[in-house]
Amino acid sequence: QVQLVESGGGLVQAGGSLRLSCAASGRTFSSYDMGWFRQAPGKEREFVAGINWSGGSTYYQDSVKGRFTISRDNAKSVVYLQMNSLKPEDTAVYYCAQGTVVVLSDYHGYDYWGQGTQVTVSS
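Calculation criteria
Residues numbered from 1 in each chain as written. Predicted model: local features only at pLDDT ≥ 70, side-chain atom pairs only at ≥ 80, totals over all residues. Heavy atoms only, no water. Disulfide = S-S within 2.5 Å. Helix = DSSP H or I, 4+ residues; strand = E, 2+ residues; numbered from the N terminus. Buried < 20%, exposed > 50% of the residue type's maximum accessible area, 1.4 Å probe, protein only. Phe/Tyr/Trp six-rings, centres within 6.5 Å; stacked < 30°, edge-to-face > 60°. Lys NZ or Arg CZ within 6 Å of the ring centre and 35° of its normal.

### Some points on the state of the cysteines
Link 1 in the chain: Counted according to the given criterion, the structure contains 1 disulfide.
Link 2 in the chain: Each sulfur in the disulfide pair C22 and C96 lies 1.9 Å from the other. Taking the torsion about the S-S bond as the criterion, the C22 to C96 disulfide, at about 45 degrees, is right-handed. Taken together, the residues C22 in strand 3 (residues 18-25) and C96 in strand 9 (residues 92-99) connect sequence positions 74 residues apart. As far as the burial class goes, C22 and C96 line up, both buried.

### Here we look at the packing of aromatic side chains
Link 1 in the chain: In total, this model carries 7 aromatic pairs according to the counting rule given.
Link 2 in the chain: Pairing F47 with Y59 gives two aromatic rings, centres 5.7 Å apart and planes at 25 degrees, and the pair type is stacked. Of this pair, F47 sits in strand 5 (residues 46-51) while Y59 is found in strand 6 (residues 58-60), placing the two residues 12 residues apart along the sequence.
Link 3 in the chain: Positioned over the ring face of Y95 is R45, at 3.8 Å from the centre of the ring.
Link 4 in the chain: Over the ring of W113 we find R45; its NZ or CZ atom is 5.0 Å from the centre of that ring.

### So, unusual backbone geometry
Link 1 in the chain: For S77, which is not glycine, the phi dihedral falls at a positive 60 degrees.
Link 2 in the chain: Phi at S85 takes a positive value of approximately 50 degrees, unusual for a residue other than glycine.
Link 3 in the chain: Counting through the fold element by element, S85 comes out in the loop between strand 8 (78-83) and strand 9.

By themselves, these are just geometric observations and shouldn't be taken as functional.
If you want it as structure tokens, here you go:
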């Protein structure tokens, strides 16, 4: 079955960096779009960044543009989220998702989700 396993979360000071990884298995990774979403306590899950199956197209939430970079390695079946200049408001559980989507930010287009990794940014 399809599995998505996130790693790389942790506690970091404001202004610091983290790189999240999501290792996928169970179906042909290079055939599917990938997304990163996050959910802060008491808030709804929100889109962070997405990348299409080939890596040729990416899309970001406005609040992370210029700070976060999504990338993928189809040979390793891994998608990454490089997060720089982190802010306390980036604190959330980060989830990766896989699917075939029309719009990379469309939550409903992703059919498999990981369990999430906690990112905490202290001020």
